[in-house]
Amino acid sequence: ATRSPLAPTRTVYGDALSGTLSWCAGDLISVYCSECEGDVKLSEYAVSEPLSGDEAAISNLSDTVRGLRWGSEETHTFYGVYPGVTTSGAPSTTIEGTVVTGSTPAVQHSTGTTDDGSGNLTLAPDMRNMYMVCRTEADPTSGNDVTLGFLPLSTAVTFTVTNGFEDTKSDMTVSSVRLVSDSKPLNGGFKADWSKEVIDGRPHTEPAYGTTVEAAFRSVELDLSAAPVTLSYGNTLTFTLLLSPGVEAGDLTFEISGTNTHDASAFTRKARLEKADGTGITFPRHEKTVIEGLLVPESVAWTVDGAVSVVPWVNSDAAVIPIEE
């Protein structure tokens, strides 16, 4: 697998749900700058219109909330985070000085399903769980707009599984998929600090709960139990799990649960994520890894023999924040 290039990126899946990212109206970001004038050092902004060209226009979240203003310092350093501090339905986010804190949920949900016309399905993840950060330096002589180039902080993995119920050639209904690590945190709180060692252009990031990684923090689940997805024999289901940032996730087991519609029997299939030579698959931090070719069998025995590649989040639109005079 190869690492994806470092490039600014956008915040939600595009219309085709193909992995392309783009801003959309209503996305909320928070921006902090200690050099700004007065008491307002942190301001909330919202994307005010869909993506146009290579920039997304953003504005103050409320007309009653004053935005950031230039101070007297020659250089201003702006720190931004998505999802914003007040983003509805997202985990708790804070930003103060050089430090961003957030939390990746253990249980995640899809925000929509698309069908390619042949019965192959793609589930969209809730991108409010996809943390993005930026750090930009500017000065008052640069004008009243500051361009913020966001970079993904979270780690993501996209799976494509195939209904391989060869014996009965029946549909399978998927109610849950899980990813479990032997030792690495996949969910939970984290702290990202720009004042420490910068890795891959991102702030130094570490779990917020210390060095002991309890079992509760070593898994993420896509919960489909409220609306199980039915997949016909031979068709594929593609979905994405968002992992806690800053950790090279390895020693992993993939688990899928659902029902065989032939006899309404429940099933759970587990597979160790390993390459053909027996070495484990590792998900590089801040990147999106794609795993294809997972054939979900009717019998319990299951080995992974699929293509694994690390691909970049499609770049590279920026947000422009207005700095008031």
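Bear in mind the structure is a predicted one, so any value in this text is a computation, not a measurement.

For the bond running from Y82 to P83, omega is 0 degrees, close enough to zero to count as cis. Of note, D251 is a non-glycine position whose phi angle comes to about 50 degrees, a positive value. Along the chain, D251 falls in the loop between β21 (236-243) and β22 (252-260). A relative accessible area of 41% places D251 in the partly exposed class.

A word on the environment of C36. Of note, C36 is situated in the loop between β3 (28-32) and β4 (42-47). Spatially, the C-alpha atom of C36 lies 5.4 Å from that of R69, the residues being 33 residues apart in sequence. Excluding residues that lie within four positions of it along the chain, C36 makes contacts with K41, L68, R69, G71, H76 and F78.

The next point concerns the pairing of strand β10 (residues 110-115). Both β10 and strand β11 (residues 121-125) contribute to a ladder of five bridges, which runs antiparallel. Residue S110 lies in a different strand from β11, and its bridge partner there is P125. Here β10 folds back onto β11 in antiparallel fashion, the turn holding five residues, of which G117 has a positive phi close to 95 degrees.

This next bit is on the sheet that holds strand β18 (residues 204-207). Judged by pairing direction, the sheet is antiparallel, and its four strands sit side by side in the order β7-β8-β17-β18 without closing on themselves. Lying at the two open borders of the sheet, with one neighbouring strand each, are β7 (94-96) and β18. Averaged over all pairs of adjacent strands, the angle between their axes in this sheet comes to 20 degrees, without regard to strand direction. Summarising the sheet, β7 and strand β8 (residues 99-104) pair through three bridges and their orientation is antiparallel. Residue pairing for β8: T94 is matched across the bridge by T101.

The subject of this paragraph is the pairing of strand β19 (residues 219-223). Where strand β9 (residues 107-108) and β19 come together, two bridges link them in parallel fashion. In the strand pairing of β19, V107 is matched with E221. Relative to β19, strand β16 (residues 172-181) runs antiparallel, the two sharing five bridges. In the strand pairing of β19, V177 is matched with L222.

Note that side chains of opposite charge can pair when their charged atoms are close. If you walk through the whole model with that rule in mind, you get eight salt bridges. With its nearest N and O atoms 4.0 Å apart, the salt bridge here joins E206 to K196. In this pair, E206 is assigned in strand β18 and K196 in the loop between β17 (188-193) and β18, connecting sequence segments ten residues apart. Assessed through its relative accessible area of 27%, E206 is described here as partly exposed. Among the salt bridges present, the one from R285 reaches D200, with a minimum N-O distance of 3.8 Å. Placement of the pair is R285 in the loop between β23 (265-272) and β24 (288-297) and D200 in the loop between β17 and β18, with a sequence separation of 85 residues. What you see here is one network of salt bridges that share partners, running through R178, E255 and K270.

This model, assessed by the stated rule, comprises seven aromatic pairs. An angle of 45 degrees between the planes, with centres 6.3 Å apart, marks the rings of Y79 and W194 as tilted. Of this pair, Y79 sits in strand β6 (residues 76-82) while W194 is found in the loop between β17 and β18, placing the two residues 115 residues apart along the sequence. For Y79, a relative accessible area of 12% corresponds to the buried category. Each residue in the set F159, F239 and F254 is aromatic and connected to the rest through ring pairs, giving one cluster.

In this section: the nonpolar core. Membership of the largest hydrophobic core comes to 31 residues, with the highest contact counts inside it found for F159, L179, L237, F239, F254, L273 and F283. Every element with two or more residues in this core is listed here: β11, β15 (155-164), β16, β19, β20 (229-231), β21, β22 and β24. When neighbours within four sequence positions are excluded, F159 is seen to be in contact with L179, L237, T238, F239, L241, F254, L273, F283, I291 and L294. Counting 19 residues, the second largest nonpolar core, distinct from the first, contains Y45, L68, L148 and F150.

It is worth spelling out the side chain of H286 at this point. Note on placement: H286 falls in the loop between β23 and β24. What makes H286 buried here is its relative accessible area of 1%. Within polar-contact distance, the side chain of H286 engages the backbone oxygen of L153 at 2.9 Å.

Per-chain confidence: the protein averages 79 in pLDDT, with 78% of residues scoring 70 or above. No element of the protein has a lower mean pLDDT than strand β1 (residues 12-13), which averages 34, and none a higher one than β20, which averages 97. Every residue in residues 1-21 is under pLDDT 50, and counting partners more than four places away or in other chains gives 82 contacts. The low-confidence segment residues 305-325 (pLDDT under 50) makes 102 contacts with residues lying over four places distant or belonging to another chain.

Definitions and cut-offs
Residues numbered from 1 in each chain as written. Predicted model: local features only at pLDDT ≥ 70, side-chain atom pairs only at ≥ 80, totals over all residues. Heavy atoms only, no water. Helix = DSSP H or I, 4+ residues; strand = E, 2+ residues; numbered from the N terminus. Buried < 20%, exposed > 50% of the residue type's maximum accessible area, 1.4 Å probe, protein only. Contact = heavy atoms within 4.5 Å. Pairing = 2+ DSSP bridges. Axes fitted to C-alpha atoms, helices over the stretch in contact; angles between N-to-C directions. Salt bridge = Lys/Arg side-chain N within 4 Å of Asp/Glu carboxyl O. Phe/Tyr/Trp six-rings, centres within 6.5 Å; stacked < 30°, edge-to-face > 60°. Core = buried A, V, L, I, M, F, W, Y, C linked by side-chain atoms within 4.5 Å. Polar contact = N/O pair within 3.5 Å; in protein donor to acceptor, adjacent residues only side chain to side chain. pLDDT = per-residue confidence, 0-100.

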